Amino acid sequence: MSTAEARTPPAQRRVQLDGLRAVAVGLVLVHHFGGPASGFVDLGSIGVHLFFVISGFLITGKLLAGRDAVAAGRTTRAGVLRDYYWRRALRILPIYLLVIAVGAAVGMPNVRADWPWLLTFTGNLRTAQTGHFLGFLAPTWTLNIEEQYYLVWPWIVLGAAAARLPRIVLATVALGPLWRAGATLAGVPAKSVAVFTLSAFDGLGLGALLALRWHDGGGEGARPLPAAAAW
């Protein structure tokens, strides 16, 4: 393999994000099993969207590092994409496919009937269409959204001009609440609104916005965001 096609170095692990993941998992668990304690605030939604923010931050950060490597001549755009998709596949596909196979083998509700949606990571769209979750694999709707994001977002980050990328990210942040408000006013059921891909765009976009700031000198020790940007 030539130097130009060498893989980009892996990003440094940020252990603080493990703590945020634990908080997100805890919020979802309290939502489902916390009884009366979970009835005052929609903790599950907060936990899920925290996951989306973390994902947007991590994935955009990796892609920005890939952009830097391409600009420095250490790799090519095709090399960054190849490495990115390979790592995503190794991280997610083995256990995900195993769960689907076991679910089909033991006759979990909806798995055999909805396997095409599950295998194509579009189960959330099936739920949005029918208003019903996919049995025991209902929680995969969040993973479906992330996989759809993982599929498209690299082409935008690597292909957009650097000056336009912040505007694109801000547009995704705005698109999430705009979709939820518009769909709700149009009479779309709340469950269908919540699981549709666009509903996660503000969380994913906020994570991407944080990654952009970190990449542009806003890492550890940086001054706080201006009030307007924070809002």
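Residues numbered from 1 in each chain as written. Predicted model: local features only at pLDDT ≥ 70, side-chain atom pairs only at ≥ 80, totals over all residues. Heavy atoms only, no water.

A.B. asks: Honestly, the overall build of the protein in this entry has me stumped. Any pointers?
C.D. replies: A count of helical and extended segments in the protein gives ten helices and zero strands. Beginning at the N terminus, the succession of helices and strands in the protein can be written as α-α-α-α-α-α-α-α-α-α. A buried classification covers 35% of the 231 residues belonging to the protein. Summed over its atoms, the accessible surface of the protein is roughly 13300 Å², and 68% of this surface lies on carbon and sulfur atoms. (Helix = DSSP H or I, 4+ residues; strand = E, 2+ residues; numbered from the N terminus. Buried < 20%, exposed > 50% of the residue type's maximum accessible area, 1.4 Å probe, protein only. Areas by Shrake-Rupley, 256 points an atom, 1.4 Å probe, with all protein chains shown as cover.)

A.B. asks: Teacher, can you tell me more about a nonpolar patch on the surface here?
C.D. replies: Residues Ile95, Leu98, Val99, Val102 and Val106 make up a contiguous nonpolar surface patch of about 440 Å² in total accessible area. As for its placement among the helices and strands, Ile95 is situated in helix α3 (residues 77–106). (Patch = residues over 30% accessible without salt bridge, like charges linked within 9 Å, V, L, I, M, F, W, Y side chains within 5 Å. Salt bridge = Lys/Arg side-chain N within 4 Å of Asp/Glu carboxyl O.)

A.B. asks: What is the right way to read unusual backbone geometry from this model?
C.D. replies: Both trends apply: most residues other than glycine have a negative phi, and most peptide bonds are in trans. Backbone geometry places Phe121, a non-glycine residue, at a positive phi of 55°. Structurally, Phe121 is set in the loop between α4 (115–119) and α5 (123–130). Accessibility expressed as a relative area gives 11% for Phe121, which makes it buried.

A.B. asks: I would appreciate a short explanation of the side chain of Ser192 in the present structure.
C.D. replies: As for its placement among the helices and strands, Ser192 is situated in helix α8 (residues 190–195). A polar contact is formed between the side chain of Ser192 and the backbone oxygen of Ala128, at a distance of 2.8 Å. Setting aside anything within four residues of it in sequence, one finds Ser192 in contact with Thr127, Ala128 and Gly131. (Polar contact = N/O pair within 3.5 Å; in protein donor to acceptor, adjacent residues only side chain to side chain. Contact = heavy atoms within 4.5 Å.)

A.B. asks: Before we go on, may I ask you to explain the pattern of salt bridges in this structure?
C.D. replies: Side chains that differ in charge, positive against negative, can pair when their charged atoms come close. For the structure on display, the rule yields three salt bridges. Taking the shortest distance from any N to any O, the salt bridge between Asp83 and Arg87 comes out at 3.1 Å. Highlighted residues: Asp83 and Arg87, both in helix α3, separated by four residues, approximately one helical turn. Relative accessible area serves as the criterion here: at 8%, Asp83 is assigned to the buried category. A relative accessible area of 39% means that Arg87 is categorised as partly exposed.

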